[in-house]
Structure formats: structure tokens, C-alpha cells
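Summary of structural features
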Amino acid sequence: MSSSGEHPPRPSGRAGVIPRSSEATTAGAVALVARRRVAQPNGWWGMALFVASEATLFGTLIATYFYLDFNAPRWPPAGIKAPSVVLPLIATAVLVSTTVPMFLSVRAARAGYAGLAARFVGAALLVQCIYLAGQILLFRHDLNDFRPDQSAYASIYFTTLAAHHAHVLLGILLNGWVAARIGIGGLTTYRLTAVRCVALYWYVVNALAVLVVLTQLSPSL
Amino acid sequence: MATLITPSAERHVELLEQVWAERQGVLGWLTTTDHKRIGILYFFTSLAFFAAGGVEALLIRTQLVGPNGHVLSPAAFDEMFTMHGITMIFLFVIPMTTGAFGNYLIPLMIGARDMAFPRMNAVSYWIFLGSGIFMYIGLVTGHAPNSGWFDYVPLASKQFDPGNNIDFYGYGLIFNGISSTAAAINFIVTIFKLRAPGMSLNRMPLFCYAFLAVSFSLVFALPALSMACVFLELDRQLGFHFYDVSNGGDPLLWQNLFWIFGHPEVYIIILPAFGIATSIIPTFVRRKMVAFPLVALAEIMVAFLGFGVWVHHMFAVGLATITTIYFAAASLIIVIPSAIQLFAWIATILTGTPIFKTPLLFIIGFILFFMIGGLSGVTVAAIPFDQQVEDSYYIVAHFHFVIFGAAVFPILGGMYYWFPKVTGRMYHEGVGKVSFYLTFTGTLVTFFPMHILGILGMPRRVYTYPAHMGWTFLNLLESIGSYVLASGLILIVVNLAVSLFRGPLAGNDPFEGDTLEWSTTSPPPPYNYPLIPTVSSPYAMWDKEDRELDNRRLARGEGLLARGHETPASTVQDAEWDEILHMPPHSAWPPVVGLTLTGMFLMLLLHHYEIAAGFLVAGGLALLAWHNKEYAG
Amino acid sequence: MKLDRVQMRSTRTTLLLWFGVGGGPAAWALVHVMGYAMGIAQCDQPAGRWQLPVHAWDVGVAAVGLVIGLAAMTVSVRIYFATRGVDNAPPQGRVHFLSVVGLVVNFLAIMIIILDGVGTPLTGLCHQS
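Here the structure is a predicted model, which is why all the values come from computation and not from measurement.

When helices and strands are tallied, chain B shows 19 helices and 2 strands. Against the globule reference of 26 Å for 633 residues, chain B gives a C-alpha radius of gyration of 24 Å, in line with a compact fold. The dimensions of chain B, computed from C-alpha atoms along their principal axes, are 75 × 60 × 50 Å. Looking at chain B as a whole, 63% of its 633 residues are labelled buried. Summarising the internal contacts of chain B: among those between residues at least 6 apart in sequence, 81% fall at separations of at least 24.

Here it is, written out as C-alpha cells:
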């Protein structure tokens, strides 16, 4: 069933019927609404602003890291070895690679393929879970070497990493919810927007992951 | 002219009345997602906090009425000035301007039927209420925050403030920040996407520009405050070392992070007031605003430049001039967009036909106070002068003129101006004018002498002073002024409260206003407009042809959007009609999320971290249930 | 140059228009952040971890910022003259409005950049205010 709509009231640049987005509950109707819509949906704007706020949060963390670095006679302080480079970079590359299935899930959802979109999200979710598990192991390993209540370096190091991991965890929960919703319940305009929003969230978290790892590794680079 | 409900239009309107019928009673208010009801909830809550902050101020002024005062102990005085600042900034002025005025008016001014995210709007309110109660639990239990509203370390560190006073503030600000961030995102998306078709960016009321500027500022400034508070609590609770020098930290880190938020915050306080002033002036001088594009850009530019001046709060800290010079330059230039607005308002009044009713009187008072506060601000943008008056009453004078004189006066004027629209009744004009003169005189007498006291050397935040300093007479004058001011404010509340029940009926448009909210009934129906208005300029009510076209359209039943709670969404720049959205009628989940977050922060304060995590999980589950009901895409 | 309705909606015009609005402020933000950061890096560090060319950096960054600001101003001026006399209906009304915005905000941004670029080399390195 295609969604009903209204005609624009007077001559405008826009031809055709204005869709009633939330009445689109079949894959075909959702795809039609997605094609007809010109502006980004409200939910997308909401997520864009939310991730802008989160990016500012990380900007603050990174700025704090370098502020404390510039204040210190030695960075890291004596007794803490400079971070190893290889494993964190590989882990970050693995996380950033999940951008691809997230992007593909959006394309599939826009075209009306709910099952395919859910599978792409599921694939990303699997890799992200492996990434997070690995990062938690690395985090605990670091805690054995030095503790955040010992120095400002350790405080900002662990706080920045913990903030990043918390955002990855949130993203994993969002992915799980989205995959279940569209995999089981099918597509609606609302859920298409949800897929787009969660993908946007991941693009930004992945970009921030690169900045966080470069910050974390800056004494060794 | 207001929209006419002719007999042929009535049956269309009846359909809308049925579709948009609201739940009554307490449950209706608890589960509301209607921006007007949420605005009213914000209004009364922030008014209650205003009263609390006002009592704190009167206690401060009573303590300082004479030398060697004994009304408050030093510790109690510290709590009073801290709570006064926290209450007035976070629990009164911002919720009142954004939550009350913004929520109520923005959808009406842009021709929409609700905000972009009505349920998130509701949760913003419940989180604000929770955070306010959370912080006041500290006061009631004798553990109020006590190291000033900017809470500098090391005074606020565990070593020097070991009780949980500071924790009420640190956690409370993170808590409150969630509400403001959500509200800001809501305003931006609403203003971007929900404008009536035809309301392109150059046809948007100036009030909306002010709120866009405020909202972007909130989104980008609050993270700095949240991180500063996270660092503080990590230092205090878990022994981290962000701010302690002996382990590589830096107290100036707090100052930088706090003021990166704190300066945009003061523009967040004043920009909605600018928006209110630019709404009231055209109506009461019967003239469109002079230099509309310049006023619009000035509002945005002040907010943008405001992110680059924060170190001017730290000129006396001992930073290198080669770093502070950037901030001195920006602090001087930021005067220009403020001045553009000031000159535009004055030019509009002078070239219009002023009708000196109460709302306009408050705006004229605002203009005068903004000039005084702005001028003292320019003086402290000069580093050498700032270093002389830093932490003296000169600074107290400056910020009270800009915060009270320039932010609160438009709020008071706006309360009078929109009272008829919200309640359907007219306030008493004579009493209104008396309340203005009392408030104006009280403000001047309370705050102007503070400039002199500051130059005479009286430091701020001192709980008393000796008799031989020569400060006695001016302090007495200020305290008398504060009682006069309080009486003016009480008279405003009495005027409006009595008029609510006994004022004459106001009609749709008692002042012949220029913006769309005056086209609908007073108070507006739940659906705001029977049809989506036709818009050709920022002064939609003064475009007679458009309003007549709307009456004809309504009679024909065009543009009703009555298949549920519908509102149009349009493109961002040119407001071309893009889709029709369906809005939620009500929801129980917002207050549930508010409750779980309050529980979480209380448990964090009491160091019950596992229970706090439990509340977080409960909140997450509530959000899942929330998103189970799908509305607009 | 005159812009017709089709050109006004094109991606190129939109990008140019918003560069004209935001280029100057973005340039100022860049000058500001990079100048402050360099100052902190040199003046906050204890006991000579490094020696940075702060004055040269400040002037150089200000020069780059000035070029960007002037470019944005030029774009706004051209669009302003190309849309003079249009009515306020979108898109032409909106485009003209944004060109006016660009003229003023770029002017302000350029003024701050000049103050920064002229003031910093005249200031001693790492002397307290």
C-alpha cells in the first residue's frame, strides 16, 4: 500500500505529492518516501547534532590530554613506558572497517531490502563486539602497569579510552536494537531513519576512534 | 488579522478538535508531549526556583546591609551566594527562556503544530525538574555547594571541601546538562525542519534566530562543562589527578574548561532576551525592525564569537600576554554585533510610533541596562583594567546589569506581552506600569553602586566587612534597593495571578502583534493552527493578503492536515514542503526516564555504583519502550 | 554576473554562498585556536622541552586566515551584487539575505584576524600579563 499525501498548496519548486512518511509501512512504500523526500529527516538532524556534541566532548578530552602534556616535564612521566603502537592501530583499523557494512546497510534499507540491511548491521555488530572485547583486554593489561590515581597522564589516558569504549558499547546496543527491529519487524520510515542515524553515529565514532588512538599513541609516534 | 472561524470552517475545526483532544487531569499533565503544556510546566518550575534564588539574594543583601553582619555565618554565606548563582543561572534563567518561552512560542511562531521531538521535549522538562530537586536536596540537608558557581579547584577539591557539597553540584550540572542539550537539539531541528512552507531563512522571525544561536551554543558549550565536572568527580571520588599539581595536573585546566562553557553560557542567558526584545519592539512601535538581516546575523555572530573569549575571565591568573591577546581582541570585537542590535532597537523605536505599554517599558529598561552592563564589559575587556577590578564588586555590578538588567527584564516584559496569548485574559496595565517602575528603580539602586564599591576595593564573596572601609553607606543603599526590587517582582506575580482569574478577556490579538502566534485563539488550541499558515515575510500577521488567503483556504478545508496529529516538515533553507509528519499525542515514558536518571545520580552521589548502573539500565529499557511507538520519521 | 533561479539552487552556488557566510568566521576560529595552542605549548612547558617559533607561527597563521577571510568576503560581495533588487521569495531572497550576512560577518572576522596578526608580534614571548 503506498502512502497517501497532499499536493503543495501553490506553485512551488516541487512537483508531485507530499508523502505522509509515517504511513509507509511496507518496503516499497518506504523506498518511495525515501526517494521523494528532499531534506534529511528530523531524526537524522537530531543524531547529527548529538554526535556533534559528542565530538566536542572528545575534543575536550583530546585538548586536555595535550594541555597536560605541554605542562609536564616528561610525558609520560617517569616509570610509565610509552604506549605500544601496533596493536592499538590494528584494532582501530578493524573498527573503522565496520564503516563499510554500516554504509551498505543504509543503501539496502533505502532500497527497501530489510533483511539485507539487518544482515549488514549484524555483520558490523559482530566485528564491533570483537573489537570491544579486545580493547577491554588491552585496557585491563594497561591497568596492571599503571593506574589512573597515580598521575595526571594515567588519569587522562584511561578516561579518554574509557569514554571511547563507552561510545562503542552504546553503538553496539544501538546496532543490536536496529538489527532486531528491521530484521524481525520489517521496514517503516521510522526504522529507515533509525538505520541512517545509527550509521551516522558509527561514522563519527569511528572517526573519533582514529583521533583517540593517535592521541593515545602520540608519545610513541 | 486573526484566522476567522466562519460557519463553513467550523466543521473542519471540529475534526481537528476531536483529533487533538488532550488528556485532562494530573495524568494528562504527567504524560503530555504538547509543547504548550511543557512550556507552562517549565514556567512555573523556573518561577519557583526564581523565588528561591531571590530569597537567597535577599539573605545575602541582609547580611551585607551593615558592617560586621551576623545574619548568616561565613559557611552559610558561602552556600547562599553559591546557590544563588546556581539557581539563577541553571534553574531559572535558562529553563525560563528556553524551556518556557522557547517551547511555548517557537512552534507557534514558525507555523508548526509541535516541536520536532515532542517526547524528547517532555523528557527535557522532567530531567530539569529532577536536576533542580537533586541540587536542592544538598541545600535542604545542609550540604549545599559552597565554593561559588564557578567552583574553582583546589577549593572544590576533596582536600579542601571533603563533604558531598561539591558533589551535588558536579553531578547536578552533568544531570542538568542532559536536559539542556536535548532541548537545544530539539529547537534546532524544529527551527530547521518544521517551519511553515514558504518561511525561508530570510522570512523567519528574529526570535527564531535568537533561539538558533542559543541552541547551537548549548550543544557546543555543554560538553566542556560536563567533562570538567566528570574530571572533578573522578578526582574527588576515585583519586584521579586532573587538577592537582603535585601529580601533574593543573587547576587552570578547570578554569579553562569551565569558562569555555561559561562564556558561551552568558550569551545563552542573554540571547533569548534579545529575541524577546526583537519581538516586542516592532509590535509596540508599529514598525518593522530596522536592518533585519543585520540583527539576525548579529545574534548568530555574538554566539559564535562568544566561544573565543573565555580567557577574559582569567586575565588576572598570570597567563602570558601572547595567549591572552587573542581573547582581548575577540572580546573587543564582540561588542560590535551587540551594538548592531542595540542601535537597531533604538533606531526602530525612534523611527516608529511607540505605545508605552508595560511590555515596551520593560524593553526600554532592558536597553538602558544592557548599555550600562555592556559598557562595563568593554572596560574589562582591557587586560590592565580588568586586573584592577577582578574579583571586586565592579564585576558583580557588570554581570548583574547584563544578567538581571538585560536578561531578566525582557523575561518580565515577555511575561506581560504573552500573558494574554497564553491565558486569554488581559493583565492590569496600571499595576503593570507600577511594577515596572519599582523593578527598574530597585535594579538601579541595587546594582549601580556596586561599580563604585568595586573601584573602592570591596572584594566579592566577602561575608561581611569592617566599618572603617567606607563601604557602609553604599551597601545599605544596595540592600534597600534589593527590597524595592523584590517588591516590584512580587507585584508582577500578583498582577498576573489576579488577572488570570479576573482579567478581562483578551481576544486573539490585543496588541496587533507581528508574528503568527497572534493569528490563533488565546489560549491556542492543542493543534495551534486550524490550517498551516501561508507565509511571505517575518511579519506574517502584518501581511493581510496572506491572512485573508488563509481564511479562504480554511473555509474550503485546505491545508488542514487532520489525519492524526500532523504537521508539515520542510527543507532547511527555503522551507519547501517536504513531507507530512505524525506526532505523538502523549507518552508516559518521559517522566519514567526522568525518574530513572534522578535515581542514577542520587545513587552516584551516595557511592552506590551498582544501583546507579541498575537505574541506567532501567532508563535504557524505558527508552526501548519509548521507541517501540513509532511516530514521525 | 546575475544568478537565475536554477543557478541559485545549484550545489555550486550553495557551497559558494555558505563559504561566503562561514569562511571568515572559520578562518578566525582557526587563527584563534592555533595561536592559543602554540602560545600554551611554548609558555606553559616547564624548563625548555622545546623552542617553538611562536611569533612566526602567529603571523603566518594570521596571514592564511586573512586570505581565507578576504576570499569569503569577495564571494559575498559578488553574490550581493548579483542578487540586488530581488524580491524576498526563496531562493533569490534567501540568497541575497545570506550574502548580506556574509559581508558583515567576514568584515568582523577579518578585523579580529588583523588585530591578532598585528598584536602578537608586538608582544614579548611568554611575559605574564
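Alright, that's what it looks like, and here's the rest.
Another point: the overall build of chain A. Scanning chain A from terminus to terminus reveals 7 helices and 2 strands. Its helices and strands taken in sequence order, chain A reads β-β-α-α-α-α-α-α-α from the N to the C terminus. Taking 17 Å as the expected radius of gyration for a compact globule of 221 residues, we find that chain A reaches 22 Å, considerably beyond that expectation. Based on the C-alpha atoms only, the size of chain A along its principal axes is roughly 70 × 35 × 25 Å. Looking at the 221 residues of chain A, the share that counts as buried comes to 43%. Counting only contacts in chain A whose residues sit at least 6 apart along the sequence, the fraction spanning at least 24 positions is 77%.

What follows is about the packing of helix H12 (residues 358–380) of chain B against helix H15 (residues 429–455) of chain B. All names here are of chain B. Where H12 contacts H15, the two axes come as close as 9 Å, and the packing angle between them is 10 degrees. The angle between the axes of H12 and H15 places the two elements in the roughly parallel class. Here Thr-358, Leu-361, Phe-362, Gly-365, Phe-369 and Ser-376 of H12 come into contact with H15, specifically with Glu-429, Gly-432, Lys-433, Phe-436, Phe-440, Thr-443 and His-451.

What follows concerns the packing of helix H4 (residues 74–110) of chain B against helix H7 (residues 206–238) of chain B. For any two helices packed against each other, the geometry comes down to the angle between their axes and how far apart the axes lie. Residue and element names in this part refer to chain B. One way to put it is that H4 packs onto H7 with a least axis distance of 10 Å and a crossing angle of 130 degrees. By the angle between their directions, the pair H4 and H7 is classed as oblique. Relative to H7, H4 is oriented so that their crossing is left-handed. Contact with H4, carried on its side by Thr-98, Gly-102, Leu-105, Ile-106, Met-109 and Ile-110, involves Phe-207, Cys-208, Phe-211 and Val-214 of H7 and no other residues of that element.

Our focus in this paragraph is the interface of chain A and chain B. The interface of chain A with chain B comprises 47 residues on the first partner and 43 residues on the second. Those elements giving two or more residues to the side of chain A that touches chain B turn out to be strand S1 (5–6), strand S2 (18–19), helix H2 (42–71), helix H6 (152–185) and helix H7 (189–217) of chain A. It is H2 of chain A that provides the largest number of residues to the side of chain A that touches chain B, a total of 16 residues. Looking at side-chain class alone, the side of chain A that touches chain B contains 23 nonpolar, 19 polar and 5 charged residues.

For the rest of this paragraph, the subject is the pairing of strand S1 (residues 566–570) of chain B. Along any regular strand, the residues point their side chains to alternate faces of the sheet. Residue and element names in this part refer to chain B. S1 sits mainly inside the fold: 5 of its 5 residues count as buried. Here S1 shows a buried face lined by Glu-566, Pro-568 and Ser-570 and a second buried face lined by Thr-567 and Ala-569. When S1 meets strand S2 (residues 577–582), the two strands line up antiparallel, connected through 5 bridges. Across the sheet, the residue bridging to Glu-566 is His-582, located in S2. Counted between consecutive antiparallel strands, the loop separating S1 from S2 contains 6 residues, among which Ala-575 sits at a positive phi close to 50 degrees.

Turning next to the interface of chain C and chain A. Taken together, the contact between chain C and chain A spans 6 residues of the former and 4 residues of the latter. Here the residues of the side of chain C that touches chain A sort into 4 nonpolar, 1 polar and 1 charged.

This part covers helix H5 (residues 114–145) of chain A. Because an α-helix completes one turn every 3.6 residues, residues spaced three or four positions apart along the sequence face the same direction. Residues and elements named next belong to chain A. In this model H5 runs 47 Å from its N-terminal to its C-terminal C-alpha over 32 residues, within 8% of the 46 Å that 1.5 Å per residue would give. Every buried residue of H5 is accounted for by Ala-114, Ala-117, Ala-118, Phe-120, Val-121, Ala-124, Leu-125, Gln-128, Tyr-131 and Gln-135. Where H5 is buried, its residues meet helix H1 (27–36), helix H3 (86–97), helix H4 (99–110), H6 and H7.

On to unusual backbone geometry, then. For the peptide bond that leads from Trp-75 of chain A to Pro-76 of chain A, omega is 0 degrees, which places it in the cis range. Tracing the backbone through its elements, the reader meets Pro-76 of chain A in the loop between H2 and H3. Pro-154 of chain B follows Val-153 of chain B through a cis peptide bond whose omega is 0 degrees. Mapped onto the secondary structure, Pro-154 of chain B falls in the loop between helix H5 (118–140) and helix H6 (165–193). With phi around 50 degrees, Asp-151 of chain B is a residue other than glycine that occupies positive phi space. Counting through the fold element by element, Asp-151 of chain B comes out in the loop between H5 and H6. Accessibility expressed as a C-beta count within 10 Å gives 23 for Asp-151 of chain B, which makes it buried. Of note in the backbone geometry, Asp-391 of chain B takes a positive phi value of approximately 60 degrees without being a glycine.

This part is about the environment of Val-245 of chain B. Residue and element names in this part refer to chain B. As for its placement among the helices and strands, Val-245 is situated in the loop between H7 and helix H8 (251–285). Here Val-245 falls in the partly exposed class, since 13 other C-beta atoms lie within 10 Å of it. Val-245 sits 91 residues away from Pro-154 along the chain, and the two C-alpha atoms are 9.6 Å apart. If we ignore the near neighbours within four places in the chain, the residues touching Val-245 are Asp-250 and Pro-251.

This paragraph deals with the environment of Ile-355 of chain B. Residues and elements named next belong to chain B. Looking at the secondary structure, you find Ile-355 in the loop between helix H11 (335–351) and H12. Once the C-alpha coordinates of Ile-355 and Pro-523 are considered, the two residues, 168 residues apart in sequence, prove to be 24 Å apart. With sequence-adjacent residues up to four places away left out, Ile-355 is seen in contact with Phe-284 and Leu-360.

Here the focus is the confidence of the model for chain B. Within chain B, residue pLDDT values average 95, and 100% of them lie at 70 or more. The ipTM, which scores confidence in the relative placement of chains, is 0.94 for this predicted complex, and the corresponding pTM is 0.96.

This paragraph deals with the environment of Leu-206 of chain B. Residues and elements named next belong to chain B. Checked against the element boundaries, Leu-206 lands in helix H7. When the 25 C-beta atoms within 10 Å are taken as the criterion, Leu-206 is described as buried. Considering only alpha carbons, one finds Leu-206 and Ile-490, 284 residues apart in sequence, at a separation of 30 Å. Setting aside residues up to four positions removed in sequence, Leu-206 forms contacts with Gly-275, Thr-278, Met-289, Val-295, Ala-296 and Pro-538.

Definitions and limits used
- Residues numbered from 1 in each chain as written.
- Chains lettered and ligands numbered in written order.
- Predicted model: local features only at pLDDT ≥ 70, side-chain atom pairs only at ≥ 80, totals over all residues.
- Helix = DSSP H or I, 4+ residues; strand = E, 2+ residues; numbered from the N terminus.
- Rg over C-alpha atoms; globule rule 2.2 N^0.38 Å.
- Buried ≥ 20, exposed ≤ 12 C-beta atoms within 10 Å, placed from the backbone.
- Contact = placed C-beta atoms within 7 Å.
- Axes fitted to C-alpha atoms, helices over the stretch in contact; angles between N-to-C directions.
- Parallel < 35°, antiparallel > 145°, perpendicular 65-115°, else oblique.
- Left-handed = near helix turned anticlockwise from the far one by under 90°.
- Nonpolar A, V, L, I, M, F, W, Y, C, P; charged D, E, K, R; others polar.
- Pairing = 2+ DSSP bridges.
- Expected span 1.5 Å × (residues − 1).
- pLDDT = per-residue confidence, 0-100.

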